[in-house]
Protein chains: 2
Amino acid sequence: MAKDQFVSQIADIETDFPQWYSDVVLKTQLVDYGPVKGTMVIRPYGYAVWENIQNEFNVRFRENGYSNAYFPLLIPMSFMTKEAEHVEGFAPEVAVVTHAGGEKLAEPLCIRPTSETIIGTMYGKWIESWRDLPLRMNQWANVMRWEKTTRPFLRTSEFLWQEGHSVFASEEEAEEETQKMLRVYEEFARTCLSMPVLTGKKTEKEKFAGAVATYGMEAMMHDGKSLQSGTSHYLGQNFSKAFDIKFTDKDGAQKYGYTMSFGVSTRLIGALIMTHGDERGLVMPPVVAPVQAVIVPIASKKEGVLEACRALKEKLAQAGVRVVLDDSDNSPGWKFNEWEMKGVPVRIELGPRDIEAGKFLCARRDTLEKCEFALDGAAKSVPALLHEIAVNMYEKAKKRMNERIVNADTLEELLDGVNKGNFVRAGWCGCRACEDKVKEFAQATARVMDGNNTAKTCVACGKKSERTVFFARAY
Amino acid sequence: MAKDQFVSQIADIETDFPQWYSDVVLKTQLVDYGPVKGTMVIRPYGYAVWENIQNEFNVRFRENGYSNAYFPLLIPMSFMTKEAEHVEGFAPEVAVVTHAGGEKLAEPLCIRPTSETIIGTMYGKWIESWRDLPLRMNQWANVMRWEKTTRPFLRTSEFLWQEGHSVFASEEEAEEETQKMLRVYEEFARTCLSMPVLTGKKTEKEKFAGAVATYGMEAMMHDGKSLQSGTSHYLGQNFSKAFDIKFTDKDGAQKYGYTMSFGVSTRLIGALIMTHGDERGLVMPPVVAPVQAVIVPIASKKEGVLEACRALKEKLAQAGVRVVLDDSDNSPGWKFNEWEMKGVPVRIELGPRDIEAGKFLCARRDTLEKCEFALDGAAKSVPALLHEIAVNMYEKAKKRMNERIVNADTLEELLDGVNKGNFVRAGWCGCRACEDKVKEFAQATARVMDGNNTAKTCVACGKKSERTVFFARAY
């Protein structure tokens, strides 16, 4: 009954995953469509996830020497053109301001699609000597990339993100930072989103416009497609030469710095939805869940029930749990469905008999199992349960991903692999033509390159494999 | 000597306040000019102030029932025109996107100057019944208003702000909320910025475009000019009728909601600089200061000094103090000047003799006085001192403001008052012509209206005073 009620609300996850996604993001009020095509409104339940993501990252960025700052939204078009590959990659997607204050502007301004050019300009002004290096800053901001096909969180014309930008005196330091921040992303995905990822270098075709090398993390969604969930770019001296980021070194010589940048966006919210969601709706990873535990009173009109619920809520809040008491007029069954769909990790049921026995019931959203705890130990047992859920969600998703990584020696095997919703590990000779051939034959792209070249031959041409690549269909 | 070194860096606050302001904001690295005219780059030291402001407000907004959300940057021009006064007020200032994704847009989009129109559109879609009310949301965002004359923090084409937007079933509730959020602003200014303000209703001329009534808080800057530091608008049904924000009431009838909005911006950073700054530079109010205490080691090469400084730093950080240990190679004198200019509330000096005596020296930035504390009581004495500084800064600024509020019965007295850097309390008949006359004669505007009409006659025409007004020159 409860389940039927629910099933009527959202599409079946196995047979119509795209519709399931739309249903879930709209009905749980994470997001809504904005009036301008391709834009989204992030509603409080969705924005709270983003705020939790921000808080977790701010701690990590600070530990790694980053300070937050804010750079302007509008970038003169002439800045974009200073780095040839960069403008080629981004110009087709930019939104352009041509008029302001009632007048036509002398130079059109673009809304930042990313901020290397404007931050590079400021860094060029600020950096003078080796003493100013390394320089590390992070920005939380909105960016805009005009896209033809859009979906809430996954691809929207405007999205929120963080972009870190650093300058180093040496190539080695900048490269090491590029790797280090990728590891920060990977650890964040595991710890905070309970989400396993594959990390590695991107191919030339897939790299960031203007980068020497891009490293990415890719996560496997419920349908077996890959979602690029974060990238870290080693930019070499491409941007320092274009934006005159020079410093006087210890030897007195003027040198160009080496730069890198890295970013994750509100796309991470899409990633966690499509990694963990099930037929009942969202399954929120505990660390970033807006509500970690909901208390549903049973027989709430009986004497003492609401008081006991309030006392438990207070105790859990004191213990740092984000807890809500649902004392609305709806029936417990309605509440169970509602909070299940919203993916709250722990549902607590508390009624007269529980109170008498000094216990409460917990229903886990990840396994749907129930367990009982003593009321007076709630401040310890609920946080411990949340941690257990986070670990279990990660292990479950990791097992699933590992089971769905297959090897292919031929294009046919690769096609069969991605058709079955797998990531396919295959050899690649390194040429663009073969990468394009895979795309054409299997509608799959090179997600990241494996650290080890375990394959013998290129899946497309049969020549010697230079790199082993994870191919997949991707969002 | 120390002072001379300093004086060479920033203009004299008494004789050239505008230059002092520019010098201080640039040299303390709060901000820099952006490449596009009228834009600013908020550097880490400035952005940290903004983050502290955000954190303090988030607590207050949550307590008042607000959830954070995020609405799109781009607003169709047609939305702006739905509320006649609103478009008249904002159209001349908007930046317009005409091209995106390589094509000309069918309808030009404006970059939000404020979000009543787009949030109103979504509220119209979301609200169905009286059960959905009151609805309260807040957004932290960048907005853009193309201005001719700009100054960092005070008036920039792009700025960061929060905007709260609420809908109520009744006029009374919406009006009460407008007043309540103004009181939240006032309490925040006092508690977090140590900044006294005048609050009250704005005249028709000065109100928000589209509002029924605007209430503002005005703060007195060092030069006696007023800075509008926050506003709260009662919007009546103007926007609910324009954006179809309707609900089914308990009686089954469809009714329009009553809306209100309120906002503060990065201008608050300009406000605190110009309220508290002195001839040595910034004086940061402790609650939002990025660094609350700096430890300067004395004779740092002597054995045990740096260790003792690190131990003290650790102890203070544990006690929740934002503390920095300046163990750079610069001389103590250089450090004293640098941190004084940056306005750090407490400077701690710790050398071999202090350590031996189990004490440390504190120099207060607000009074420049020094005091001594026992090392083992630092976790209590430093937070207590920070609180004392916050209170003292408020009292000092309040005394100053109160001394500089004068009464005027004639335009000449009013002119004399504002020439001397005062706020001038004067009677007003209520007509626009007299308000304009004051502006023309004394270059002063009506900042807010006094709650009590204590004046007898209009300062401009001599007729009966309908309202007593605080006039001032303003930023």
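All values derive from a computational prediction rather than experimental measurement. (Residues numbered from 1 in each chain as written. Chains lettered and ligands numbered in written order. Predicted model: local features only at pLDDT ≥ 70, side-chain atom pairs only at ≥ 80, totals over all residues. Heavy atoms only, no water.)

(A) Layout of the overall build of chain A. Helix and strand content of chain A: 15 helices and 23 strands. A globule of 475 residues ought to have a C-alpha radius of gyration of about 23 Å, and chain A, at 25 Å, matches this closely. For chain A, the residues scored as buried account for 59% of the 475 residues in total. Across chain A, every contact between residues at least 6 apart in sequence was considered, and the portion connecting residues at least 24 apart equals 68%. (Helix = DSSP H or I, 4+ residues; strand = E, 2+ residues; numbered from the N terminus. Rg over C-alpha atoms; globule rule 2.2 N^0.38 Å. Buried < 20%, exposed > 50% of the residue type's maximum accessible area, 1.4 Å probe, protein only. Contact = heavy atoms within 4.5 Å.)

(B) Examining the packing of aromatic side chains more closely. Per the stated rule, a full pass over the model turns up 32 aromatic pairs over all chains. Look at Phe 360 of chain B and Phe 373 of chain B: their rings are 5.9 Å apart centre to centre, the planes differ by 45°, and that puts the pair in the tilted class. Note that Phe 360 of chain B is positioned in strand β18 (residues 359–364) and Phe 373 of chain B in strand β19 (residues 370–374), a separation of 13 residues in sequence. Ring pairing ties together the aromatic residues Trp 50, Phe 57, Phe 61, Tyr 66, Trp 140, Tyr 185, Phe 188 and Phe 262 of chain A, which thus form one cluster. Sitting over the face of the ring of Phe 336 of chain A, Arg 347 of chain A holds its NZ or CZ atom 3.9 Å from the ring centroid. Its end group placed over the ring of Tyr 45 of chain B, Lys 342 of chain B keeps NZ or CZ at 4.1 Å from the ring centre. (Phe/Tyr/Trp six-rings, centres within 6.5 Å; stacked < 30°, edge-to-face > 60°. Lys NZ or Arg CZ within 6 Å of the ring centre and 35° of its normal.)

(C) Main features of the confidence of the model for chain A. Per-residue pLDDT for chain A has a mean of 96; in total, 98% of the residues score no lower than 70. Two numbers describe this predicted complex: its pTM, 0.97, and its ipTM, 0.96. (pLDDT = per-residue confidence, 0-100.)

(D) Geometry of the sheet that holds strand β4 (residues 74–76) of chain B. Pairing is antiparallel in the open sheet, where six strands are placed in the order β4(A)-β6(A)-β5(A)-β5(B)-β6(B)-β4(B). The two strands at the open ends of the sheet, each matched to only one other strand, are β4 (74–76) of chain A together with β4 of chain B. Direction aside, neighbouring strands of the sheet carry axes that sit 45° apart on average. Here β4 of chain B pairs with strand β6 (residues 103–111) of chain B via three bridges, running antiparallel. Bridge assignment links Ile 75 of chain B to a residue of β6 of chain B, and that residue is Cys 110 of chain B. (Pairing = 2+ DSSP bridges. Axes fitted to C-alpha atoms, helices over the stretch in contact; angles between N-to-C directions.)

(E) Looking closely at the relation of the copies chain A and chain B. At an RMSD of 0.0 Å, chain A and chain B line up after a rotation of 180° and a shift of 0.0 Å along the axis. Here the transformation between the copies is reduced to the relation of a two-fold axis. Scanning chain A for the C-alpha nearest the rotation axis identifies Val 97 of chain A, at a separation of 2.1 Å. In this assembly the copies share their binding face: 100% of the residues contributing to the interface of chain A also contribute to that of chain B. (Least-squares fit on C-alpha atoms with pLDDT ≥ 70 in both.)

(F) Quick look at the interface of chain A and chain B. Facing 51 residues of chain A, the contacting portion of chain B comprises 51 residues. Across the interface of chain A and chain B, roughly 4,000 Å² is buried in total on both sides, 65% from carbon and sulfur atoms. Counting across the chain A and chain B interface gives two salt bridges. A salt bridge links Asp 32 of chain B to Lys 125 of chain A; the shortest N-O distance between them is 3.0 Å. At the junction of chain A with chain B, the criterion picks out 22 residue pairs in polar contact (both at pLDDT 80 or more). No other element matches strand β5 (residues 95–100) of chain A, which puts six residues into the side of chain A that touches chain B. When its residues are assigned to classes, the side of chain A that touches chain B shows 32 nonpolar, ten polar and nine charged. Bridge count for β5 of chain A against strand β5 (residues 95–100) of chain B is five bridges, and the pairing is antiparallel. Pairing of Val 97 of chain A across the sheet is with Val 97 of chain B, part of β5 of chain B. (Buried area = accessible area lost by both parts, 1.4 Å probe. Salt bridge = Lys/Arg side-chain N within 4 Å of Asp/Glu carboxyl O. Polar contact = N/O pair within 3.5 Å; in protein donor to acceptor, adjacent residues only side chain to side chain. Nonpolar A, V, L, I, M, F, W, Y, C, P; charged D, E, K, R; others polar.)

(G) Spotlight on the pattern of salt bridges. Under the counting rule described, the total for this entry stands at 58 salt bridges over all chains. The salt bridge partner of Asp 251 of chain B is Lys 255 of chain B, with a shortest N-O separation of 3.1 Å. Beyond isolated ion pairs, a larger network of salt bridges with shared partners links Arg 280, Glu 340, Arg 347, Glu 349 and Lys 370 of chain A.

(H) Seen up close, unusual backbone geometry. Residues and elements named next belong to chain A. Note the cis peptide between Leu 133 and Pro 134, where omega equals -10°. Note on placement: Pro 134 falls in the loop between α6 (116–126) and β7 (135–144). In this structure, Phe 153 is a non-glycine residue whose phi angle is positive, near 70°. Topologically, Phe 153 is positioned in the loop between β7 and β8 (158–168).

(I) Expanded view of the packing of helix α14 (residues 411–419) of chain A against helix α15 (residues 432–442) of chain A. All names here are of chain A. Where α14 meets α15, the closest approach of the two axes is 10 Å, and the angle between their N-to-C directions is 55°. Between α14 and α15, the crossing angle belongs to the class labelled oblique. Between α14 and α15 lies a crossing of right-handed hand. Residues Leu 411, Glu 412, Leu 414, Leu 415 and Val 418 of α14 lie in contact with α15, whose contacting residues are Lys 437, Val 438, Phe 441 and Ala 442. Classifying every residue of the contact of α14 with α15 gives seven nonpolar, no polar and two charged. (Parallel < 35°, antiparallel > 145°, perpendicular 65-115°, else oblique. Left-handed = near helix turned anticlockwise from the far one by under 90°.)

(J) Structural context of helix α3 (residues 44–63) of chain B. The end-to-end C-alpha separation of α3 of chain B is 29 Å, in line with the 28 Å expected for 20 residues at 1.5 Å each. Residue Gly 65 of chain B follows α3 of chain B closely and has a positive phi angle near 90°. (Expected span 1.5 Å × (residues − 1).)

(K) Representation of the environment of Gly 230 of chain B in the model. Residues and elements named next belong to chain B. Within the fold, Gly 230 resides in strand β11 (residues 226–236). Separated by 159 residues in sequence, Gly 230 and Ile 389 place their C-alpha atoms 24 Å apart. Residues within four places of Gly 230 in sequence aside, it is in contact with Tyr 185, Tyr 215, Gly 216, Met 217, Gly 263 and Val 264.

(L) Spatial organisation of the sheet that holds strand β15 (residues 293–297) of chain B. Residue and element names in this part refer to chain B. Reading across from one edge, β16-β15-β17-β18-β19 is the order of the five strands in this open sheet, with mixed pairing throughout. Of all the strands in the sheet, the pair left with one neighbour each is β16 (323–325) and β19. Averaged over all adjacent pairs, the angle separating strand axes in this sheet is 25°, with direction ignored. Bridge count between β18 and β19: five bridges; the pairing is antiparallel. Paired with Lys 359 across the strands is Ala 374, a residue of β19. The sheet contacts of helix α11 (residues 332–341) involve β15, β16 and β17 (346–350), and relative to β15 the element is tilted by about 170°.

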